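Architecture at a glance
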Amino acid sequence: MSQSSDIERLRALSGIKWRYFGDDVIPAWVADMDFPTAPAITDALRTMVDASDFGYNGVSFDDSIPKAWAEWSERCFGWRPDVERTKVFSTSLQAIATALMVGTSAGDGVLLFTPVYPPFFGMIEKSGRTLVEYRLDQAEWRIDEDLLRSAIEPGTRAVILCNPHNPTGRVFDLDELRAVATVAEERDLLVISDEIWQDFVYPGARHIPFASLGAEAMSRCVTVTAASKSFSLGGLSCAVAHLGDARVAEGVAALPPHLLGGVNALGARATLAAWTHGEPWLTETLGVLRTNRDHLMARLASELPEVGIAMPQATYLAWLDFRETEIAANPAARLLKHGRVGLSSGPDFGAAGEGFARLNFATHPDVLDQIIDRIGLVCHPPV
Ligand SMILES: Cc1ncc(COP(=O)(O)O)c(C=O)c1O
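Residues numbered from 1 in each chain as written. Predicted model: local features only at pLDDT ≥ 70, side-chain atom pairs only at ≥ 80, totals over all residues. Heavy atoms only, no water.

Quick word on helix α8 (residues 174–187)
The following threshold applies: Strands are runs of DSSP state E lasting at least two residues, helices are runs of H or I lasting at least four, and both sets are numbered from the N terminus onward. To estimate how far a helix should extend, the number of its residues minus one is multiplied by 1.5 Å. The rule is simple: take the accessible area with a 1.4 Å probe, protein chains only, and divide by the maximum for that residue type; under 20% is buried, over 50% is exposed, in between is partly exposed. Any two residues whose heavy atoms approach within 4.5 Å at even a single point are treated as in contact. The term polar contact refers here to a pair of N or O atoms within 3.5 Å; inside protein, the definition further demands a hydrogen-donor-capable atom paired with an acceptor-capable atom, and it admits residues adjacent in sequence only when both atoms are side-chain atoms.
Across its 14 residues, α8 extends 20 Å between first and last C-alpha, which sits within 8% of the 20 Å expected from 1.5 Å per residue. Every buried residue belonging to α8 is among Glu-176, Leu-177, Ala-179, Val-180, Ala-181, Val-183 and Ala-184, and all of these are buried. Looking at the buried residues of α8, the elements they touch are β3 (109–114), α7 (145–151), β5 (156–162), β6 (190–194) and α9 (215–218). For α8, the side-chain oxygen to backbone nitrogen distance between the N-cap and Asp-175 is 3.1 Å, and the N-cap itself is Asp-173. After α8 finishes, the residue Asp-188 shows a positive phi value of roughly 50°.

So, the packing of aromatic side chains
Our working definition: Ring pairs shown here join Phe, Tyr and Trp side chains whose ring centres sit within 6.5 Å, with only the six-membered ring taken for Trp; geometry is labelled stacked below 30 degrees between planes, edge-to-face above 60, and tilted in between. Over a ring means this: the NZ of a Lys or the CZ of an Arg is within 6 Å of the ring centre and within 35 degrees of the ring normal.
A complete count under the given rule lists 15 aromatic pairs for this structure. Relative to Phe-120, the ring of Tyr-117 lies with its centre 5.5 Å away and its plane at 80°, an arrangement referred to as edge-to-face. Taking the relative accessible area as the measure of exposure, Tyr-117 reaches 26% and is therefore partly exposed. The class for Phe-120 is buried, based on a relative accessible area of 0%. Clustering of aromatic rings is evident, with ring pairs tying together Trp-141, Trp-319, Phe-349 and Phe-356. Positioned over the ring face of Phe-89 is Lys-87, at 5.4 Å from the centre of the ring. Sitting over the face of the ring of Tyr-202, Arg-293 holds its NZ or CZ atom 4.6 Å from the ring centroid.

Set out below in structure tokens:
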């Protein structure tokens, strides 16, 4: 498929990534990849479509998805989630919001490691919880145990951990995760661990599920993940949560039946296909993403050294620091206006994102080059 026809294909999709901005803008914002998903998934979906198999779906009611996740997680990360404690949700955000609602009360403090994935802020604010911020250091984005301890306020009741971390691409290591576990135990905190980026870890780092740290960590943790990020299935809505924290498990079980709705049959089937047959495709895709990451880093270092970036250890996101550039004030808006390239705006990830913008590099190499060219032209306009 030629590059131009693929851009035509992308622009014709109903997904938001290529539709949100005008046709002259190259989008590099929302976390969707530009590659068609795994053939094992399209085959499974095609079989359902051809058979008009849209009735209430058995996969949503049996334990096949929890079992498939348990096997995937054990194989890839050495942690086997308990199928009995796993609940299938519509989306990861639904699972996180649910854990927050049943696991904390109005007025409770909820700690975020900022900058961080924007929807967490609204969830905390709209549910009457209080934001407690731990600002990651802007060089290495590491978690420090003492700083974490001092960030916790008397009313803090929960932590939302995003690991691997969106937007910085950090993979928190064993020491950092143990620090979170230690402080959580000291202060009796619920840990909601969003591990949706678990599969995008590049050589040199390793994803450690928070719940794998031990029985104590697991018993205060809700682990949330999905196949949707890894396999480009964001629109199909299917996620899982391991409710290790008994109070959250009981709270979820006590919710009015049907409040959370069922799981989409296509999403459930796609998730099952991903976790049972998707690994070869994912391995190949990770290779493409790694090449893109290295190419982006090399071009930035040689052509735009004033743009700061720490090498992402995971994800397909680059958290770009424009504070030393000509476009330090509101870089994403200026790149859109003057370069017709659509990055995510840094301050959406919290006040710690001022002067930053997030670039999604899960695209074709030529498109990535165009994105970098356009950023370069805005930072260094021709005289
Ligand atoms: C950290 C993080 N959590 C959750 C989501 C959304 O997941 P879902 O579509 O399953 O709600 C995203 C999407 O980009 C994400 O980056």
